[in-house]
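One letter stands for each residue in the lines below.
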Protein chains: 2
Amino acid sequence: MSLLKIGIAGLGNVGEEVAYQLIKGFRVQKNLFKFELVAVSAKSKNKKRKIDVSGIRFFDDPLKMACSQDIDVIVELIGGDEGVAKKLCFTALENKKYLITANKALIAKYGKQLAELAEKNNLFFSFEASVAGGIPILKLIREGLIVNDITELTGILNGTANYILSEMEVADKGFEEVLADAQKKGYAEVDPSFDIDGIDAAHKTIILSALAYGKMPNLEDLSIQGIREITLNDIKYCNDLGYKIKLLGNSLISKDLNGKEELFCSVKPWLIAKNFGLSNVSGVINAVQIESSLAGPVMITGAGAGGEPTASAVLADIVDIANGTKLFSFGRNSYDIKENFKTTPYREKYKFYLRLNVVDKSGILADLTSIFKDYNISIESVIQKSNQEDKTAELVIITHKASNSVLEDALTSIIKLDGIITKPVCLSIYS
Amino acid sequence: MSLLKIGIAGLGNVGEEVAYQLIKGFRVQKNLFKFELVAVSAKSKNKKRKIDVSGIRFFDDPLKMACSQDIDVIVELIGGDEGVAKKLCFTALENKKYLITANKALIAKYGKQLAELAEKNNLFFSFEASVAGGIPILKLIREGLIVNDITELTGILNGTANYILSEMEVADKGFEEVLADAQKKGYAEVDPSFDIDGIDAAHKTIILSALAYGKMPNLEDLSIQGIREITLNDIKYCNDLGYKIKLLGNSLISKDLNGKEELFCSVKPWLIAKNFGLSNVSGVINAVQIESSLAGPVMITGAGAGGEPTASAVLADIVDIANGTKLFSFGRNSYDIKENFKTTPYREKYKFYLRLNVVDKSGILADLTSIFKDYNISIESVIQKSNQEDKTAELVIITHKASNSVLEDALTSIIKLDGIITKPVCLSIYS
């Protein structure tokens, strides 16, 4: 049982908790493995923390820590897909350190390159904490379901967005108000864009696709739609119709008629029927549903963020190092990972939810339904709510199954109609 | 990359699927690991199977297979906690073979002894398939949540029982009729006792307790109650009251006032509020909910039985061997596993559901409520349904929170009342 010497770069919520657990010691492993926190690097050395780091070597420059002789493992908890975090990770592996990171943006962009370097130097490199916080989803795919072909992944991957959507319903408040509350409570960043515009969920969806299929689409190539346009009314209409709105990351692989693999990949809000498992995942909880060839559908839920859950994932990776685990980071040789894998527009037909704000005048519904008829889209149900004060109305339409492209064409015609006030909100219905 | 030579004992549903996958080859690993199915043992050599075993060494006696020189891994899929399965497992480890088994009864009884032998001989020994079929729940506890203290496990661990309870509601049929249907479909054994009387779920609960806490209670010491007494009416009353009935295995560890560890462990039907995750797990699906110190609550659901899901778990264990995984079977040294760990009667207070069949005469409700008053148990709601034909009535009572022991005392008095026709059904409400 040799001693594993650990250096942590970044002492935010997660870094502080990892350091605390390493100093305090944790379940089971005291008599099996020996860990020592030997170095830390953070912006401020003297900030008040729940741990005393005064006896531990402090590096102002994390890159110097990554070059230090007597460190075995670098834990990167700085964040960001470029800059010092990127340099630190490459430097650590070049200097033959094991590397653990929670940095989803970096892995989504440079995961393959880092894995190549780790393999070249025969080093364990893992990033369990980068997706779904305390849920050991990467290990589940990489090891637990290793013999399965995975065909689809669907996840509630961003706790902030899920909290906002849940809280709008619970508190009966609009998007902006709930977002402001969430920012006050620390559930949302001052600049909430990564979370509510779907970027964070997209990074995680890319990492899951790499683990499951060995295919990494580019962020720029993903269809990404956030939750800013969802109103409290949308949530209420959907509730009445038997649905919840959830921001889902989805990644689906299949073969076209010529046997060529196609990857469908998106982040967007979906309607989910209330009897579906994912619809019951509320608040800051994350969930991932996996379609697998032998085990069938497997779903796992748990805390997607926060210091303790994320530290749990970081520390599990550290234990894997101590245990001599030799698995590849993405469950396969890095040369088997296809970067820049082109995504294909979804071909499957879905039911759609449309909400339109219109001038409340006669004939508008007739104009709309006639467009739907032209595009051969049948309507399942319509709700019309008129506002006498400003002579406007909200129209909610649920379509029967239609293809995305046909619906988009219909929407292009609808937007041109006289009496349409704002861009229609259009969400697919998950089934 | 050395070749791992595998022998399978037992070619039922699961064994056949494991053999099929090994012959066919499966995802990812072809270029990383090399497996070869070199021997099988089964009752009948010539039974028609989806695999051709004619070119593979056949052993009439699986014990001889376990002694064979050129086999590295024995996969035991015979079943049963004594007899040939037990002999085979011990013989395999004594002969320095890696051992993989799906045998929950055997692990619940001899898991510690087998783990000791495996450790002595420095062999990987695992049994992922023994709990919750295709769900990699043991790996999740043993590795994914390794740094967490686990305080409670609750699971829907028997697919047959869960199918029967779900199907009674869906098909609007009584217990006996649904059981007979399930037997016809192959979802239930000809002798269904292990599944519907809770024994199978108890084996799995014991294994989970060993993994999570290192404590193994005896089967005989567990509080076990099956689902035979649940009627279609019970399911309907509960549905009206906002609950589902689920057979749950539960294992809970805490410390008493003197800091001594206490284990609460049971298998019984519970009422679960419909907004709780576990209540939505229907049919043959299994689920396990884990309360952990850092990651918080984690829940995983998936197929709990069947050839393919169970084979997925067996094969994941085989890949772990090929990968040189060195983890202990129960996530700790076997000498840290406490066998025969005494369970403690549940002390926590719960709400209870009671269904009583009574003679429909005046005064019976007064008698009942007076007993509840004597025992200081308050009543939350009462439903009374009279049957004019035979002058009987069903009384359904939901109590406020009360301790198990007080409720049992009250029941003892209730049973003695004049007009009580059958033993009351009493279920706790999960919260």
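Preceding this paragraph is the structure being described.
These lines cover the structure that appears in this document, whether it is placed above or below. Since this is a predicted model, take the numbers as computed values, not measurements.

Reading the values: rules and limits
- Residues numbered from 1 in each chain as written.
- Chains lettered and ligands numbered in written order.
- Predicted model: local features only at pLDDT ≥ 70, side-chain atom pairs only at ≥ 80, totals over all residues.
- Heavy atoms only, no water.
- Pairing = 2+ DSSP bridges.
- Helix = DSSP H or I, 4+ residues; strand = E, 2+ residues; numbered from the N terminus.
- Contact = heavy atoms within 4.5 Å.
- Axes fitted to C-alpha atoms, helices over the stretch in contact; angles between N-to-C directions.
- Buried area = accessible area lost by both parts, 1.4 Å probe.
- Salt bridge = Lys/Arg side-chain N within 4 Å of Asp/Glu carboxyl O.
- Core = buried A, V, L, I, M, F, W, Y, C linked by side-chain atoms within 4.5 Å.
- Buried < 20%, exposed > 50% of the residue type's maximum accessible area, 1.4 Å probe, protein only.
- Expected span 1.5 Å × (residues − 1).
- Parallel < 35°, antiparallel > 145°, perpendicular 65-115°, else oblique.
- Left-handed = near helix turned anticlockwise from the far one by under 90°.
- Nonpolar A, V, L, I, M, F, W, Y, C, P; charged D, E, K, R; others polar.
- Phe/Tyr/Trp six-rings, centres within 6.5 Å; stacked < 30°, edge-to-face > 60°.
- Lys NZ or Arg CZ within 6 Å of the ring centre and 35° of its normal.
- Least-squares fit on C-alpha atoms with pLDDT ≥ 70 in both.

## Considering the sheet that holds strand β6 (residues 125-126) of chain A
Hydrogen bonding along the main chain pairs the strands of a sheet, whether they run parallel or antiparallel.
All names here are of chain A.
Then comes step 1: Taken in spatial order, the six strands line up as β3-β2-β1-β4-β5-β6 in an open sheet, and their pairing is parallel. Among the strands making up the open sheet, the edge pair consists of β3 (57-59) and β6.
Then comes step 2: Examined bridge by bridge, strand β1 (residues 3-9) and strand β2 (residues 34-41) share seven bridges and lie parallel to one another. Of the residues in β2, the one forming a bridge with lysine 5 is glutamate 36.
Then comes step 3: Running over the sheet, helix α11 (residues 307-322) touches β1, β2, β4 (73-76), β5 (98-101) and β6 and is turned about 165 degrees from β5.

## A word on the interface of chain B and chain A
Then comes step 1: Contacts between the two partners involve 50 residues from chain B and, on the opposite side, 50 residues from chain A.
Then comes step 2: Both faces considered, chain B and chain A share a buried interface measuring about 4000 Å² in area, 54% of it formed by carbon and sulfur atoms.
Then comes step 3: The largest contributions to the chain B side of the interface with chain A come from Arg27(B), Val147(B) and Leu294(B), which together make up 20% of the buried area.
Then comes step 4: Across the contact surface, chain B and chain A share two salt bridges.
Then comes step 5: For the salt bridge of Lys139(A) with Glu143(B), the shortest nitrogen-to-oxygen distance reads 2.8 Å.
Then comes step 6: Sort the elements by how many residues they give to the side of chain B that touches chain A and strand β12 (residues 296-303) of chain B lands first, with seven residues.

## What to know about the nonpolar core
Then comes step 1: Within the largest apolar cluster, 174 residues are counted, with the highest numbers of intra-cluster contacts made by Leu114(A), Ile137(A), Leu114(B) and Ile137(B).
Then comes step 2: With residues near it in sequence (within four places) discarded, Ile137(A) still touches Glu128(A), Val131(A), Ala132(A), Leu208(A), Val288(A), Ile290(A) and Ile300(A).

## Side note on the pairing of β1(A)
Residue and element names in this part refer to chain A.
Then comes step 1: Of all seven residues that make up β1, five are buried, and the element is covered over most of its length.
Then comes step 2: Of the pairings in the sheet, the one linking β1 to β4 comprises four bridges and is parallel in character. Its bridge partner being in β4, isoleucine 8 is matched across the sheet by valine 75.

## Brief notes about helix α3 (residues 83-94) of chain A
Residue and element names in this part refer to chain A.
Then comes step 1: The first and last C-alpha atoms of α3 sit 17 Å apart over twelve residues, in line with the 16 Å expected at 1.5 Å per residue.
Then comes step 2: Taken as a whole, α3 has its buried residues at Ala85, Leu88, Cys89, Phe90, Thr91, Ala92 and Leu93.
Then comes step 3: Against the buried residues of α3 lie β1, α2 (62-67), β4, β5, α4 (104-120) and β6.
Then comes step 4: Looking at the residues trailing α3, positive phi occurs at lysine 96, about 65 degrees.

## Some remarks on unusual backbone geometry
Then comes step 1: One non-glycine residue, Lys96(A), adopts positive backbone phi at about 65 degrees.
Then comes step 2: Assignment of secondary structure puts Lys96(A) in the loop between α3 and β5.
Then comes step 3: A positive phi angle, near 55 degrees, is found at Asp172(B), a position not held by glycine.
Then comes step 4: By relative accessible area, Asp172(B) is classed as partly exposed at 46%.

## Quick look at the packing of helix α6 (residues 159-171) of chain A against helix α7 (residues 175-185) of chain A
Relative orientation and spacing of two packed helices are given, respectively, by the angle between their axes and the distance between those axes.
All names here are of chain A.
Then comes step 1: At a closest axis distance of 9 Å, the pairing of α6 and α7 adopts a crossing angle of 120 degrees. Taken as axis vectors, α6 and α7 run oblique relative to one another. As α6 runs across α7, the sense of the crossing is right-handed. Where α6 abuts α7, its residues Tyr163, Ile164, Glu167 and Met168 lie against Phe175, Val178, Leu179, Ala182 and Lys185.
Then comes step 2: A per-class count over the contact of α6 with α7 returns seven nonpolar, no polar and two charged.

## Points about the packing of aromatic side chains
What characterises a pair of aromatic rings is the spacing of the ring centres plus the angle enclosed by the ring planes.
Then comes step 1: Evaluation of the coordinates by the stated rule reveals 20 aromatic pairs over all chains.
Then comes step 2: Each ring, one from Tyr163(A) and one from Tyr187(A), has its centre 4.7 Å from the other, and the planes form 85 degrees; the classification is edge-to-face. Note that Tyr163(A) is positioned in helix α6 and Tyr187(A) in the loop between α7 and α8 (193-196), a separation of 24 residues in sequence.
Then comes step 3: Residue classification places Tyr187(A) among the partly exposed residues on the basis of a relative accessible area of 39%.
Then comes step 4: An angle of 55 degrees between the planes, with centres 5.2 Å apart, marks the rings of Phe125(B) and Phe127(B) as tilted. Taken individually, Phe125(B) and Phe127(B) each receive the classification buried, so the pair is uniform in this respect.
Then comes step 5: The ring centre of Tyr20(B) lies 4.3 Å from the NZ or CZ of Lys50(B), which sits over that ring.

## Remarks on the relation of the copies chain B and chain A
Then comes step 1: If you rotate chain B by 180 degrees and push it 0.0 Å along the axis, it lands on chain A with an RMSD of 0.0 Å. Taken together, the rotation angle and the small translation identify this as a two-fold axis. Among all residues of chain B, the one whose C-alpha sits closest to the rotation axis is Ile300(B), at a distance of 2.1 Å.
Then comes step 2: A share of 100% of interface residues in chain B that are also interface residues in chain A marks the association as one of identical surfaces.

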